[in-house]
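Chain by chain, the residues:
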Amino acid sequence: MTYRYARRYAHLVTMPSSVPAYGAEAAARLASMADATASDAALRRFLHGLPGVDAVGLQARAATLGTRSIKTTAKAYAIDLAISMIDLTTLEGADTPGKVRALCAKGVHPDPTDRSVPEVAAICVYPDMVATAKDALLQGGGAEVRVASVATAFPAGRAALPVKLADTRDAVAAGADEIDMVIDRGAFLSGRYLEVFDEIRAVKEACAREGGPAAHLKVIFETGELQTYDNVRRASWLAMLAGADFIKTSTGKVAVNATPPVTLLMLEAVRDFRAATGVQVGVKPAGGIRTTKDAIKYLVMVNETLGEDWLTADWFRFGASSLLNDLLMQRQKLDTGRYSGPDYVTVD
Amino acid sequence: MSDHRLNVLKTYKLFVGGRFPRSESGRVYEVTAATSAPGAAGQGDWLANAPLSSRKDARDAVTAARKAFGGWSGATAYNRGQVLYRIAEMLEGRREQFAAEVAAAEGLSGARAAAQVDAAVDRWVWYAGWSDKVAQIAGSANPVAGPYFNLSTPEPTGVVAVLAPQESSFLGLVSVLAPVVVTGNTAVVATSEKAPLPALSLGEVLATSDLPGGVVNLLSGRTAEIAPTLAAHQDVNAIDLAGADGALAADLETAAADNLKRVLRPQPVDWSADPGTDRLLAFLETKTVWHPMGV
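Below is a short write-up of the structure. (Residues numbered from 1 in each chain as written. Chains lettered and ligands numbered in written order. Predicted model: local features only at pLDDT ≥ 70, side-chain atom pairs only at ≥ 80, totals over all residues.)

A look at the overall build of chain A
Basically, it comes down to this: Strands here mean DSSP runs of E at least two residues long; helices mean DSSP runs of H or I at least four residues long; both are numbered from the N terminus. For a compact globule the rule gives 2.2 Å times the number of residues to the power 0.38, and the radius of gyration it is set against comes from C-alpha atoms. Here exposure depends only on C-beta density: within 10 Å of a residue's C-beta, 20 or more other C-beta atoms make it buried, 12 or fewer make it exposed, and intermediate numbers make it partly exposed, the C-beta atoms being placed from the backbone. It is the C-beta atoms, placed from the backbone, that decide contacts: two residues are in contact if theirs lie within 7 Å.
Looking only at helices and strands, chain A has 15 helices and ten strands in total. Radius of gyration (C-alpha) of chain A: 20 Å, near the 20 Å computed for a compact globule of 348 residues. Dimensions of chain A, computed from C-alpha atoms along their principal axes, come out at roughly 60 × 55 × 35 Å. Residues classed as buried in chain A amount to 48% of the 348 residues present. Counting only contacts in chain A whose residues sit at least 6 apart along the sequence, the fraction spanning at least 24 positions is 76%.

Here you go:
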């Protein structure tokens, strides 16, 4: 009896303490999985050897976790936590330096009438706006707010590798703290996994910065284009093996964005990856999360799947723009007891 | 085998955002006939269960009304008039149903209830006519000392919370609702507390009258429970207190002052009399533009 328990929990007892994906030790941990990524055939064998996803079970689980009732003090905590996890995003062709500066000001002081509101985690912009954002944050007292830049021919990812790498290096040189890259869905869907793997590694190398910390790499799968849950699981493992610091659902530019089941699946992949390698990777659902209720559902999923280790802005982010306004209105409601309206938050 | 048909009872539901939801809280309350109704002995007979709206229903209704405001206020006055006239047409076709509901709700004889419904239909028509004429009486071309055309025009104020009269369950409701929406406002209505059924049935008429969803939202329930939420809501621009009694009205007016809502205080009104333009003009803002004259 004792022996059976000992064997069942052996991996927990002997599990090495986890290290962050962006840390120096992560590379050595990943090297332990080198067998799986040695060749295209080995990688395919590994990815296709991952257990299949029980789609009905996954959706049911995500739906169940969405029914939790979070009220009063717990809700206040969740709202502030969600605000601090937001990657406040503007990714429009019509972005101007003025709009980016306004967004940065909002990121530092989301509610100008209430300084107890935490600042957001990051401002997410196109590469050519990175310098503007960085400057605006420094000037506005938001040195802690990070600047994330999309790169690698976002959102389609349809460009040659040298172009993608140059795109990334530009953003890093301009001061981006985080890079959101898109994978080549065409290569992934046609089964050229090693190509995707090598591309992520190359971009990760391009994130290195001379005389400073490397930019963290978020890998966007565009799950709305991956067709199946199995593919999402494979893409998650593929990206994490290649050294992603964060895995992110979507670009926000296609019809289907972050959904609870897909996010739950990625959370499970991250959990399993840490159990297997000891490397901790973050998760970022993006697109389509507009209300406080949605955001709290995601936080419940994180807590139930991954636990408190991930309940910080270092390991979980929301890619969103309109979500922040709803969080602020809910926060005002909790403070004053009366419902707020869109007249009391900024239009952006 | 008996010849009796099964009773097909109607489930009265709210009207919010062009849809018919139940109360978010799942609560209902019993609506009984007025005690003076024919055949009622002291205690009125049970008529139906009506949804008992919660403050979250009120919030959802305000959200729906806000969403509808842009389209409705931007529609041409002519178009709004047509929609209101369409409501009158639809109502005319369901006179018997409404006459029966009003008779039960207010304890009126059949003929008097029918007269109330007719008056309500006429009221829709009367206000429909005002849609493209209100600017003539509420707007003006102002003589100013300068080379400008100076024009003042009335504009809808926004989302209006309406506490419908408690006693006149249908004619009173129409008399407070029509003047709010005809000028381009959107409305969240708390129906008469003890006689909500004619109002909830009106939702079915509104839904089939080309009225965009969310322009009128009908909530049944305890006025004292819903009204404070509406009065304190920061996204409501005005409140009509017709259905609030003295003490409640004073509280609501205080709450409404927080974001400077327009408030129409309750006053004794004979709903069958000619309504005049007071209610029409109460929920308007005046926009004045200075337009340089050409050389």
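A closer look at the overall build of chain B
Helix and strand content of chain B: ten helices and ten strands. Relative to the globule expectation of 19 Å for 295 residues, the C-alpha radius of gyration of chain B, 20 Å, shows essentially globular dimensions. Here the C-alpha coordinates of chain B stretch approximately 90 × 35 × 35 Å along the principal axes. Per-residue burial over chain B gives 48% buried out of 295 residues. Look at the contacts in chain B between residues 6 or more apart in sequence, and 75% of them connect residues 24 or more apart.

Details of the sheet that holds strand β7 (residues 216–219) of chain B
Residues and elements named next belong to chain B. Formally: Strand pairing is defined by DSSP finding a minimum of two bridges between the two strands. Only C-alpha atoms enter the line fits that serve as axes; for helices the fit covers just the stretch in contact. Angles between N-to-C directions range over 0 to 180 degrees.
Here five strands make up an open sheet; going across it, the order is β7-β6-β5-β8-β9 and the pairing parallel. Taken across any chain shown, the strands that pair with only one partner, and hence form the sheet edges, are β7 and β9 (262–264). Taking each pair of neighbouring strands and ignoring which way they run, the sheet shows an average axis angle of 15°. Alignment of strand β8 (residues 238–240) against β9, held across three bridges, turns out to be parallel.

What about the sheet that holds strand β6 (residues 216–220) of chain A?
Residue and element names in this part refer to chain A. Within the open sheet, the eight strands sit side by side as β9-β7-β6-β5-β4-β3-β2-β10. Their pairing is parallel. Each edge of the sheet is formed by a strand with only one pairing partner; in this case those strands are β9 (282–284) and β10 (318–320). Pairwise comparison of adjacent strand axes, ignoring direction, gives a mean angle of 25° for this sheet. Pairing between strand β2 (residues 86–89) and strand β3 (residues 122–125): three bridges, direction parallel. Bridge pairing in β3 links aspartate 87 to alanine 122.

Things to note about the interface of chain A and chain B
Formally: When residues are grouped by polarity, Ala, Val, Leu, Ile, Met, Phe, Trp, Tyr, Cys and Pro land in nonpolar, Asp, Glu, Lys and Arg in charged, and all others, Gly among them, in polar.
The interface is formed by seven residues belonging to chain A together with six residues belonging to chain B. Taken together, the residues that form the side of chain A that touches chain B break down as three nonpolar, two polar and two charged.

Here we look at helix α11 (residues 193–206) of chain A
The condition is simple: Helix span, expected: 1.5 Å multiplied by one less than the number of residues in the helix.
In this model, α11 of chain A (14 residues) spans 20 Å end to end at C-alpha, consistent with the 20 Å of a helix rising 1.5 Å per residue. Three or more residues of α11 of chain A are buried, namely Tyr193, Val196, Phe197, Glu199, Ile200, Val203, Lys204 and Ala206 of chain A.

Overview of the pairing of β7 of chain B
Residues and elements named next belong to chain B. Our working definition: A clockwise course of the path from the first strand over the helix to the second, judged with the strands pointing away from the viewer, identifies a crossover as right-handed.
Residues Val216 and Leu218 point to one face of β7 and Asn217 and Leu219 to the other, with burial holding for every one of them. With four bridges joining them, strand β6 (residues 186–190) and β7 adopt parallel strand pairing. Along β7, the bridge assignment pairs alanine 190 with leucine 219. Once you follow β6 into helix α7 (residues 197–207) and on to β7, the crossover reads as right-handed.

A word on the packing of helix α12 (residues 229–241) of chain A against helix α13 (residues 260–277) of chain A
Residues and elements named next belong to chain A. For the record, the criterion: Note on angle classes: values under 35 degrees are labelled roughly parallel, values over 145 roughly antiparallel, values of 65 to 115 roughly perpendicular, and the remainder oblique. Helix crossings fall into two classes, left-handed where the near helix is turned counterclockwise from the far one by less than a right angle and right-handed where it is turned clockwise.
Contact pair α12 / α13: the axes reach a minimum separation of 10 Å and the direction vectors enclose 40°. Here α12 lies oblique to α13, going by the angle between them. Pair α12 / α13 crosses with right-handed handedness. Of α13, the residues touching α12 (which contributes Tyr229, Val232, Arg233, Ser236, Trp237 and Met240) are Val262, Leu265, Met266, Ala269 and Phe273.

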